[in-house]
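Remarks on the overall topology
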Amino acid sequence: MEGVDASNLDLEKVGPQGNVAEVDGFRCSVDELVMKVDKLEQRVNEVEKFYLNASIKQPNTSKNTSSGKYKDKEKHVPGFKKLQLEASRGEAAAAKRMQELMRQFGTILRQITQHKWAWPFMQPVDVEGLGLHDYYEIIDRPMDFSTIKNQMEARDGAGYKHVREIFADVRLVFKNAMKYNDEKSDVHRMAKTLLEKFEEKWLQLLPKVTEEEKRREEEEAEVQLNMQLAQEAAHAKLARDLCNELYEVDTHLEELREMVVTRCRKISIEEKRNLGIALTKLSPEDLSKALEIVAQNNPLFPASAEEVELDIDAQSELTLWRLKFFVKDALEVQGKITSKGDNSNSVNLAVTNPNISAASKRKKEICDALVKNAKKRNKKPSK
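This write-up is about the structure you can find in this document. Computed from a predicted structure; not experimentally measured.

**Considering the overall build of the protein chain**
When you go through the protein chain residue by residue, the secondary structure sums to 12 helices and zero strands. Walking the protein chain from its N terminus toward its C terminus, one meets helices and strands in the order α-α-α-α-α-α-α-α-α-α-α-α. Counting only residues that meet the buried cut, the protein chain has 32% of its 383 residues in that class. Restricting to contacts in the protein chain with at least 6 residues of sequence separation, those with at least 24 account for 77%. By element, 53% of the accessible surface of the protein chain is carried by carbon and sulfur atoms, the whole surface being about 25100 Å².

Set out below in C-alpha cells:
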C-alpha cells in the first residue's frame, strides 16, 4: 500500500491554521493505522507460525487424517473447553480401568506371597544384621513385598500408575535374590521357583493389560487429533478475521489517501514534465510498479501490455501524486545501489535473464512514448 505523506503536501481551500490542523489530523490517522497494522502483523505471524509447524508435523499424521473416520470429524470440531473436559473424563475412565487391572494383579501377588517359600522376600533385607557388607555393591535397587504393598496402597499420588510398574518390582524382588545368592543356595532356588510361578500367572493377565494399553493409545491419539483440528479451526477463523481487518485497513488508507489528495494543490505542468522524464530513468521492475499504480485508478489501462502509451496529462491528481512519491523513492534507492557499484549486476541480469531483457525492451518503448507526449505538449502554443 503506497501511502501519501500529508506533511509533504501543500494544502488549499483552508487557511494556514486549518492546514496545520488538517495535517495533524492526517498524521494521527496514519499513526493509528500504523499501530493497527503492527498488531495485525503480529497476529499474521502467529497464524503463519502455526501453519508452518502444522506442515512440518503433517507427514507423521498423514495416515490418520487420510482415513474416512477422521475426515468425518473435521465436519464438526468442538471447542477447546469441551475437548479439555472430554480429555479429563477420558483420563479418569482410563485410570479407573487401570485400577481394576491392578486389583486383579493384587490377587496374583497374594497367591505368590502366601506361598511357603515367600517368607525371605516379605521384608527388606537386613543388611547389617546379616553382615552382608557387599550387598549394596551388588544390588543397585533393593526391593521386597512389603515395599510393593505400601506403594500399591498409597493414596497421595506417589503410588503405582500402571500395572506393569508393579510387575517390574515383583520381578526385581526375585532377580535381586538370584543375583546376590549362589545358584546352589536355598534362597536362589526359592526365588527362581516363585519367579516362574509368578510369570505364569502374569501371562494370564497380560492380554487384558495389552488390550487396555492399545485402547488408551487410541484414545490419546483421538484426543490429540481433536485438539489439532480445534486449533486449525481457530486459526482458520483468525485468518478470515485478519483478511477482513486488513481489507478494512486498506479501504481506510485509500479513503485517507484520496482525502489528502483532494486537499492538496494541483500538480504543475513543470512537475508533470519532470515526472515523465523521471519515469524514463526507472529500472524495468520499478517501471512495472509505476504502471501498476496508474492501472489501479484506471482499470482500462493496459499495464501489462507489450506496448504502452502513457499520457501524463490524462492522469488523475491521486495517480500523479502517488507516481511522484513512488518515483522519488525508487530513484533514491537506485542512486544508493549505483553508488555501491552494483550496476554490473543489473547488466548481467539483463543479459542472462530473458524476462529482464523483455522488460528492458518494454521500458524503452514506454520511455519513447513519454518523450513523444512531452514533445507534443512543448509544441502547443502558449496562451
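Here the narrative resumes.
**Observations regarding the pattern of salt bridges**
Tallied over the entire structure, the rule returns 16 salt bridges. Between D241 and K237 there is a salt bridge, and its shortest N-O distance comes to 3.1 Å. Here D241 and its partner K237 are both found in helix 7 (residues 186–262), four residues apart, which amounts to about one turn of the helix. The class of D241 is partly exposed, set by a relative accessible area of 26%. Across the salt bridge formed by E271 and K324, the nearest N and O atoms sit 2.7 Å from each other. Of this pair, E271 sits in helix 8 (residues 269–279) while K324 is found in helix 10 (residues 317–339), placing the two residues 53 residues apart along the sequence. According to the relative accessible area criterion, K324 is partly exposed, its value standing at 28%. The network of salt bridges with shared partners includes R97, E212, R215, R216, E219 and E220.

**Brief notes about the nonpolar core**
Ranked by internal contacts, the top residues of the largest apolar core, which has 30 residues, are F105, F121, F145, I148, V170, F174 and F198. Broken down by secondary-structure element, the contributors of at least two residues to this core are helix 3 (80–113), helix 5 (145–153), helix 6 (163–180) and helix 7. If you tally residues by element for this core, the top one is helix 6, at nine residues. Discounting chain neighbours no more than four positions away, the residues touching F145 are L109, I112, T113, F121, M122, V170, V173 and F174. The next biggest cluster of nonpolar side chains, apart from the first, holds 25 residues, and it includes I267, L279, W321 and V327.

**With respect to the packing of helix 6 against helix 7**
Contact geometry of helix 6 with helix 7 gives a least axis separation of 10 Å together with a crossing angle of 165°. Overall, the two elements helix 6 and helix 7 adopt an arrangement that is roughly antiparallel. Between helix 6 and helix 7 lies a crossing of left-handed hand.

**Thoughts on the packing of aromatic side chains**
Pairs of aromatic rings are described using the distance from one ring centre to the other and the angle between the two planes. Under the defined criterion, the tally for this structure stands at nine aromatic pairs. Aromatic pair F105 and F198: ring centres 5.8 Å apart, planes at 85°, arrangement edge-to-face. Residue F105 is found in helix 3, and its partner F198 is found in helix 7; the two are separated by 93 residues along the sequence. Classification of F105 by relative accessible area gives buried; the value is 0%. For F198, a relative accessible area of 0% corresponds to the buried category. Judged by centre distance (5.9 Å) and plane angle (25°), the rings of W321 and F325 are stacked.

**Focus on the side chain of Q334**
Note that Q334 resides in helix 10. A polar contact is formed between the side chain of Q334 and the backbone nitrogen of S283, at a distance of 2.8 Å. Once residues within four sequence positions are removed from consideration, Q334 is found in contact with K281, L282, S283 and D286.

**Regarding the environment of A191**
Mapped onto the secondary structure, A191 falls in helix 7. Along the sequence, A191 and N176 sit 15 residues apart, while their C-alpha atoms lie 8.9 Å from each other. When sequence neighbours within four positions are dropped, the list of residues in contact with A191 reads F121, F174, A177 and M178.

The rules behind the values
- Residues numbered from 1 in each chain as written.
- Predicted model: local features only at pLDDT ≥ 70, side-chain atom pairs only at ≥ 80, totals over all residues.
- Heavy atoms only, no water.
- Helix = DSSP H or I, 4+ residues; strand = E, 2+ residues; numbered from the N terminus.
- Buried < 20%, exposed > 50% of the residue type's maximum accessible area, 1.4 Å probe, protein only.
- Contact = heavy atoms within 4.5 Å.
- Areas by Shrake-Rupley, 256 points an atom, 1.4 Å probe, with all protein chains shown as cover.
- Salt bridge = Lys/Arg side-chain N within 4 Å of Asp/Glu carboxyl O.
- Core = buried A, V, L, I, M, F, W, Y, C linked by side-chain atoms within 4.5 Å.
- Axes fitted to C-alpha atoms, helices over the stretch in contact; angles between N-to-C directions.
- Parallel < 35°, antiparallel > 145°, perpendicular 65-115°, else oblique.
- Left-handed = near helix turned anticlockwise from the far one by under 90°.
- Phe/Tyr/Trp six-rings, centres within 6.5 Å; stacked < 30°, edge-to-face > 60°.
- Polar contact = N/O pair within 3.5 Å; in protein donor to acceptor, adjacent residues only side chain to side chain.

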